[in-house]
Each structure stands twice: as structure tokens, then as C-alpha cells.
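A closer look at the structure
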Amino acid sequence: SEDSLNLDDVFCELCGGGAHEDQIILCDKCDKGFHTFCLAPPLDCIPKGEWICPDCISTATDDLAFQEGSDFSVEEFEKWDAKFKKSWFEEKGV
């Protein structure tokens, strides 16, 4: 189908290379590919479960990221953390 991913078209967004395809991880939000060794910090292996790329995290307007430049007290962070954990685990059915 047209929606299926052609592995010949998978490449790393950071180095532009397509070699070492067994070490290219795809973002679960945007489907962009990244070599595990090109990421900063590099990943030792492909993580199990959902993985979100640095681009999607940095542009997130939902519960993936904080607002850039915001200061949080420990209490505010703990509240945000509790809300995030609750929504994440409910979404995963855990």
C-alpha cells in the first residue's frame, strides 16, 4: 500500500546516511529516522516501546515537553510529573 514504509527510503535525519539500517530508529510521531549512534547522547540499542525523536519533543505543545524558558518550582514540577504519569499510564493501559 502507499502508506507502508519503504525501507529503501529510510535514512538518518542527522547524518543523511542510510547505511546501518538495523541501527536506525523511527520516531513514533513523525516516522523520521535516526541512527542510534548519531543521537546526542547516543543510544546503545533500539529502545522497546514508543520512541519520540528530539525534533518532535522540542516542538511539542502537548504533554511531551515543558514550555521553553519556563521556570518551575519543585512543587509545580511534581504536579506536572504526576499529571503526566497518570495520563501516560492510562493511555498505555497500565
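Our subject is the structure listed above.
Cut-offs used in this document
Residues numbered from 1 in each chain as written. Predicted model: local features only at pLDDT ≥ 70, side-chain atom pairs only at ≥ 80, totals over all residues. Heavy atoms only, no water. Phe/Tyr/Trp six-rings, centres within 6.5 Å; stacked < 30°, edge-to-face > 60°. Helix = DSSP H or I, 4+ residues; strand = E, 2+ residues; numbered from the N terminus. Buried < 20%, exposed > 50% of the residue type's maximum accessible area, 1.4 Å probe, protein only.

**So, the packing of aromatic side chains**
Each aromatic ring pair is characterised by the separation of its centres together with the angle its planes make. On inspection of all chains with the given rule, the structure shows three aromatic pairs. Ring geometry for Phe 34 against Trp 51: centres 5.8 Å apart, planes inclined by 65°, an arrangement best described as edge-to-face. Here Phe 34, found in strand E2 (residues 33-35), pairs with Trp 51, found in the loop between E2 and helix H1 (54-58); they are 17 residues apart in sequence, far enough to count as distant. Considering the side-chain rings of Trp 80 and Phe 84, the 5.4 Å spacing of their centres and the 10° angle between planes classify their relative orientation as stacked. Taken together, the residues Trp 80 and Phe 84, both in helix H2 (residues 74-92) and four residues apart, mark about one turn of the helix. Here Trp 80 falls in the partly exposed class, since its relative accessible area comes to 22%. Ring pairs connect the aromatic residues Phe 77, Trp 80 and Phe 84, which therefore count as one cluster.

**Considerations on unusual backbone geometry**
The peptide bond linking Ala 40 to Pro 41 adopts the cis configuration, its omega dihedral lying at 0°. Tracing the chain through its elements places Pro 41 in the loop between E2 and H1. One non-glycine residue, His 20, lies in positive phi territory at about 55°. Among the secondary structure elements, His 20 is positioned in the segment before strand E1 (24-26). Judged by its relative accessible area of 46%, His 20 falls in the partly exposed class. In this structure, Asp 31 takes a positive phi of about 65° despite not being glycine. As for its placement among the helices and strands, Asp 31 is situated in the loop between E1 and E2.

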